Amino acid sequence: MKKILVTGGLGYIGSHTVVELQKNGFEVIIIDNLSNSSEDVLKGIHSISGITPIFEKLDLKEKTKVSEFFDRNSDIDGIIHFAASKAVGESVEDPLLYYENNLNTLVYVLQECKKHQIKNLIFSSSCTVYGEPDSLPITEEAPVKKATSPYGNTKQISEEIIFDLCSVSDLKAIALRYFNPIGAHETSEIGELPLGVPLNLVPFVTQTAAGVREQLSVFGEDYPTVDGSCVRDYIHVVDLAKAHVISLKRLLEGKNTTSFEVFNLGTGRGSSVLEVIKAFEKVTHQKLNYKIVDRRPGDVISVYADTKKANNVLGWKTEGSMEDALLTAWNWEKKVRNIK
Ligand code: WQD
């Protein structure tokens, strides 16, 4: 049984990926510093797969402890690296937090890959590397423009660091550029943990519907889009998780054509904020309380993926619709809030 290390494996996308790895017969070991997750997620994973993954609380910024971990776990066949901070707005306010937490930790993990001959790495990247795209849908060949936030910059720099190491070592890597992950597992046993005020749209929508938040603010209705609100590519988190397993298998089976590959993970469809609200009201049969406010600084107008490369090369495509994803998000919210 291949042993896969999942850093940040108790997080939102990480936990859904752990479940898919277990379904595919992989042994999973998780390290997570619990800065944006909870050990309770292990129970949720077990309730879905029947297997509790090995878990070690570890902050990847602690280089010595990272090295000791790998010395104790030298039989790792591959790594899926999620652990990072990912709030765009927070990164603008505290750039050094992001450069330390997202870049230093990546270097420490890569140093261990080199030392222990770990040759397979899946990296959690982001469509934020594209900034405001010149044309849509966005392909992997679109120019990586100057990042619009320190968060986006850490993803750009991370890809470059990994590319450089792959160029001079046996490391093979795939960077997966996510668009906007939403939704939760169909069992409602795992989902996006509500720690603090949600920065992303969908958790704010579901918390407003649950009465946890008074009202949703829609950041701008004067953009040059179908209805004036920003457009994004909302992808079901389970579809995203499945792409990680497919990508990992691609490396383990030596099917990669270059040592560093990049794939956009989206649905290929753009949806405006107001369209998301309408879809949520449709699937939940309830009106959402929202108001239009000023634009949010740093928002790109419209971004959605060209998925041909992931479809044709990975053999992966999204299965669920945005409505399906919104319903799973709502079911998860109701479970968390004990709403019937
Ligand atoms: C989506 C739209 C907002 C909240 C995210 C992640 C980032 C990266 C890309 C992975 C925007 C609007 C939001 C609200 C609103 N993912 N909005 N009211 O900014 O596209 O970035 O996906 O790397 O890490 O943050 O997602 O959900 O914040 O915003 O109107 O209360 O919803 O203006 O148009 P974003 P988001």
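Just so you know, these numbers come straight off a predicted model, no measurement behind them.

**Details of the overall build of the chain**
In step 1: Of the regular secondary structure elements, the chain holds eleven helices and 13 strands.
In step 2: The C-alpha radius of gyration computed for the chain amounts to 19 Å, which stays within 12% of the reference 20 Å derived for 340 residues, consistent with globular compactness.
In step 3: Counting only C-alpha atoms, the chain reaches 55 × 45 × 40 Å along its principal axes.
In step 4: Counting the 340 residues in the chain, one finds 55% classified as buried.
In step 5: Put simply, of all contacts in the chain between residues at least 6 apart along the chain, 80% involve residues at least 24 apart.

**Points about the pattern of salt bridges**
In step 1: Per the counting criterion, the structure on display carries 19 salt bridges.
In step 2: For aspartate 75, the salt bridge identified is with lysine 3, shortest N-O distance 3.1 Å. Taken together, the residues span a long stretch of sequence, with aspartate 75 in the loop between helix H3 (63–72) and strand S4 (78–81) and lysine 3 in strand S1 (residues 3–7) at a distance of 72 residues.
In step 3: Take lysine 3: its relative accessible area is 9%, and that puts it in the buried class.
In step 4: Here the salt bridges share partners, and the residues they tie into one network are Arg232, Arg296 and Asp299.

**Description of the site of the ligand**
In step 1: Taken together, 19 residues form the shell around the ligand, and within it Tyr151, Ser217, Arg232, Arg296 and Asp299 come nearest.
In step 2: A distance of 2.4 Å separates an oxygen atom of the ligand from a polar side-chain atom of tyrosine 151.
In step 3: At 2.7 Å from an oxygen atom of the ligand is found a side-chain nitrogen or oxygen belonging to arginine 232.
In step 4: When the free accessible area of the ligand is taken as 680 Å², the share hidden by the protein chains comes to 92%.

**Quick look at the domain arrangement of the chain**
In step 1: Taken as a whole, the chain is organised into domain 1 (3–182 + 234–265) and domain 2 (201–232 + 268–332).
In step 2: Listed as interface residues are 25 residues of domain 1 and, on the opposing side, 28 residues of domain 2.
In step 3: Summing the contributions of domain 1 and of domain 2, the shared interface buries around 2500 Å²; its carbon and sulfur component is 67%.
In step 4: Among the residues of domain 1 in contact with domain 2, Ile182, Tyr234 and Asp239 are the three that bury the most area, contributing 27% of the side total.
In step 5: The tally of links between domain 1 and domain 2 comes to one salt bridge.
In step 6: Here glutamate 319 ties to lysine 242 by a salt bridge, and the two come within 3.2 Å at their closest N and O atoms.

**Here's the deal with the sheet that holds strand S3 (residues 54–57)**
In step 1: Spatially, seven strands are ordered S3-S2-S1-S4-S5-S6-S11 in an open sheet, and the strand pairing comes out parallel. The open sheet has two free edges, formed respectively by S3 and strand S11 (260–265), since each of these has just one partner strand. Averaged over all pairs of adjacent strands, the angle between their axes in this sheet comes to 20 degrees, without regard to strand direction.
In step 2: Both S1 and strand S2 (residues 27–32) contribute to a ladder of five bridges, which runs parallel. Across the sheet, the residue bridging to threonine 7 is isoleucine 31, located in S2.

**Some details on the packing of aromatic side chains**
In step 1: Here the structure, examined in full by the defined rule, presents three aromatic pairs.
In step 2: With a centroid separation of 5.4 Å and 85 degrees between ring planes, the pair formed by phenylalanine 69 and phenylalanine 70 is classed as edge-to-face. In this pair, the class of phenylalanine 69 matches that of phenylalanine 70, namely buried.
In step 3: Seen from their ring centres, phenylalanine 163 and phenylalanine 260 are 5.8 Å apart, and the 85 degrees between their planes marks the pair as edge-to-face. Separated by 97 residues along the polypeptide, phenylalanine 163 in helix H6 (residues 150–167) and phenylalanine 260 in strand S11 bring together distant segments of the chain.
In step 4: Classification of phenylalanine 260 by relative accessible area gives buried; the value is 13%.
In step 5: Positioned above the aromatic ring of tyrosine 223, the side-chain terminus of arginine 295 is 4.0 Å from the ring centre.

What counts and how
- Residues numbered from 1 in each chain as written.
- Predicted model: local features only at pLDDT ≥ 70, side-chain atom pairs only at ≥ 80, totals over all residues.
- Heavy atoms only, no water.
- Helix = DSSP H or I, 4+ residues; strand = E, 2+ residues; numbered from the N terminus.
- Rg over C-alpha atoms; globule rule 2.2 N^0.38 Å.
- Buried < 20%, exposed > 50% of the residue type's maximum accessible area, 1.4 Å probe, protein only.
- Contact = heavy atoms within 4.5 Å.
- Salt bridge = Lys/Arg side-chain N within 4 Å of Asp/Glu carboxyl O.
- Near = heavy atom within 4 Å.
- Polar contact = N/O pair within 3.5 Å; in protein donor to acceptor, adjacent residues only side chain to side chain.
- Areas by Shrake-Rupley, 256 points an atom, 1.4 Å probe, with all protein chains shown as cover.
- Domains from an automatic or database assignment.
- Buried area = accessible area lost by both parts, 1.4 Å probe.
- Pairing = 2+ DSSP bridges.
- Axes fitted to C-alpha atoms, helices over the stretch in contact; angles between N-to-C directions.
- Phe/Tyr/Trp six-rings, centres within 6.5 Å; stacked < 30°, edge-to-face > 60°.
- Lys NZ or Arg CZ within 6 Å of the ring centre and 35° of its normal.

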